Amino acid sequence: MASPETGVLAARARALAVLRIRSTALAVALLPAAVAVVLFTGRATGHLGAGAGWDLARWIAGGLAVLSLLLAALVTAVVARARPALSPSVPISEKSAPDLYRLVRDLADRLEVPAPSAIALTPDCDSWLEDRTHRAHGPPRRGRGAAPREGRRSAEAPVLVIGSPFLWWMRVGELRALLAPVVAGTGPSAHPDIAAARRFIRGLDAAVAVSARARGPLRALPLRFVGRVARLLLRAGREHATIMERAVAAAASERAQTVDYGLRIVAQEQVGLAYAGWDRLLTRVALPAWRMGRWPSRLDAGVVSALTELSRRDRLANGFASRLGERPACDLLEEPGAIDRAASLLAARLFHGGPAEPGPDWSPVGWSQYPEEVVDRKWRLEAARLHRVLDNLPASPLPAAPPTPAAPDPACAPPLSYARSSSRTPAGHHPADRSADGPPPTGRRDDPPTAPAPGPTLARVIDRLVQDERAGDLVAARLGAEVEREEREEAARQAARCGAAQDAGIGVAWGDGLVSEGGLPLFPLQPPRTGRELLADHVTAMVCCAAVDTAGAAPGLDWLDGPALLVDGARRADLGRPVLSLVDDGDAEPLRGWLTTVGVRPEKPVRLV
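Note that the structure is a prediction, hence the values are computed from the model and not measured. (Residues numbered from 1 in each chain as written. Predicted model: local features only at pLDDT ≥ 70, side-chain atom pairs only at ≥ 80, totals over all residues. Heavy atoms only, no water.)

Next up on the list: the sheet that holds strand β2 (residues 118-122). With respect to topology, four strands assemble into an open sheet ordered β1-β2-β4-β3, the strand pairing being mixed. Looking along the sheet, the strands with just one partner apiece sit at the ends: β1 (90-92) and β3 (127-130). Geometrically, the sheet is characterised by an average inter-axis angle of 30 degrees between neighbouring strands, direction not taken into account. Relative to strand β4 (residues 159-163), β3 runs antiparallel, the two being bridged by four bridges. (Pairing = 2+ DSSP bridges. Helix = DSSP H or I, 4+ residues; strand = E, 2+ residues; numbered from the N terminus. Axes fitted to C-alpha atoms, helices over the stretch in contact; angles between N-to-C directions.)

Below you can see the structure in the form of structure tokens.
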């Protein structure tokens, strides 16, 4: 087994190779100046001729020297001044987490490496070290009242970034075992050659980002040249930098072998489980709330409930929930609720592109209020959108297969058109309820089409999708256009009221990324939904509204699947197949059977938002 020193030596060798590329580039930039110096010195000392040819060569060399020095100065200035991109994170001061800082310092002492200069949390299931010593980022800040420790806390030490879900799901011992190889990486990071190589690579990467955002001919032309030079140097040093980082990781892993090795295996299992629960929580639970203009303020606490539910359902995760009796790592924080709130807001900013600060249209929501304020409102908004689309459709169906050209029949329905059809349901109009003992609607396809029920009723939606074979495609296309328009308007409102300057207020540093250029969200959770998916979601929302208003059902929250319909206190998860049968095949019989079983009355109007 190789020792940690072997990995450090291998990393240093690759770092020197990267620095040699930097030295070679500098030598190439200085070569014309060196030639000009030789020519002019030779003329002054009389060692070179004084003819016209020599004079011309000297002036050409002098011009090339001035040009190369100016270009080299330009590249150097851009690389030095460009701010390397920082991972968005929530800084944790030593005052707000003294026990966590103490754990990290004790771990560094056991590993005999420098302690990280600071700690930050990120809404992701990962942990790493990040160099924030660039002068544009400012020096790392110590918590007030923290006395510096000789040989352990230095201004050059990197910042330890920890995934916030780990603190809430993992126990203290598991977190220490998980952070051991990460903290061990501060040893190789303190080596001067490795640190210099990393700064050079990060500076080139930042210069490429700056050149990509250049606007205007006066700035674009020189910065485009800088970008090409930076890309050339990055390609030349890519392999060396990759192998250097691998050697650093190998050295850190070898050094951490002596610290809680058995517990590290258990901690790695928890990483995979935490990632699965965190992904489901974001995509199924948080994303619907974000689209509603609400952001769950306790995402990290919610991941514990999601993972507990996953442990209950998945037999492969059986037994993991029994760990909850041990001390959680979030107890290392003085105010876990405030930190969870900040991490939750940052998660919404990263994965959805929400504003940097709460506001009237961007307010927090607790898990106890989630069913009423998010689920119920989501269903009613989608049901209202669906009825707006139906209002713009003509009342008569469109024949599936038009006959051969002949004399037009006066009874034939006109073609479907969105632009010239008037609204059939005035705003605020609520029709009278139908009689409870009236005949239920039939689903036979050979019956003559009947006029859809007026007003916001589920029967109107079902009849419209059943009686017209093309209605599903038309409604789906119209829904897609409507949702896209609303998303564009929301993005324009966010761009008008949000800026990168607001991020400084919550202590989030971005570096020279694309945030100020409208690059949020940085990590979209889901691709855009298709028209059929939107139609299925809206029909499901309409069914849920009808169940809540007419059958005594209630909105609920499933930690792994998001919004849920509760009937008699139990979740009904069998609604998807009947809805897809209606949307995809135009067959309403499965959905009508489901409605009869639950006791939903589709002819009764529902309350919309």
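Looking now at a negative patch on the surface. On the surface, Asp584, Asp585, Asp587 and Glu589 cluster together to form a negatively charged patch. Summarising the element assignment, Asp584 is placed in helix α17 (residues 576-585). (Patch = residues over 30% accessible without salt bridge, like charges linked within 9 Å, V, L, I, M, F, W, Y side chains within 5 Å. Areas by Shrake-Rupley, 256 points an atom, 1.4 Å probe, with all protein chains shown as cover. Salt bridge = Lys/Arg side-chain N within 4 Å of Asp/Glu carboxyl O. Lys, Arg positive; Asp, Glu negative; His and termini not counted. Charge placed at Lys NZ, Arg CZ, Asp CG, Glu CD.)

Here we take up unusual backbone geometry. Even without glycine at this site, Glu112 takes up a positive phi of about 60 degrees. Within the fold, Glu112 resides in the loop between α3 (98-111) and β2. At Asp568, a residue that is not glycine, the phi angle is positive and equals roughly 55 degrees.

Take the sheet that holds strand β9 (residues 570-571) next. Reading across the sheet, the three strands line up as β7-β8-β9 and stay open at both edges, with antiparallel pairing between neighbours. Each edge of the sheet is formed by a strand with only one pairing partner; in this case those strands are β7 (554-558) and β9. When strand β8 (residues 562-567) meets β9, the two strands line up antiparallel, connected through two bridges. The partner of Val567 across the bridge, within β9, is Ala570. Sitting on the sheet, helix α12 (residues 370-391) is in contact with β7 and β8, with an inclination near 110 degrees to β7. (Contact = heavy atoms within 4.5 Å.)

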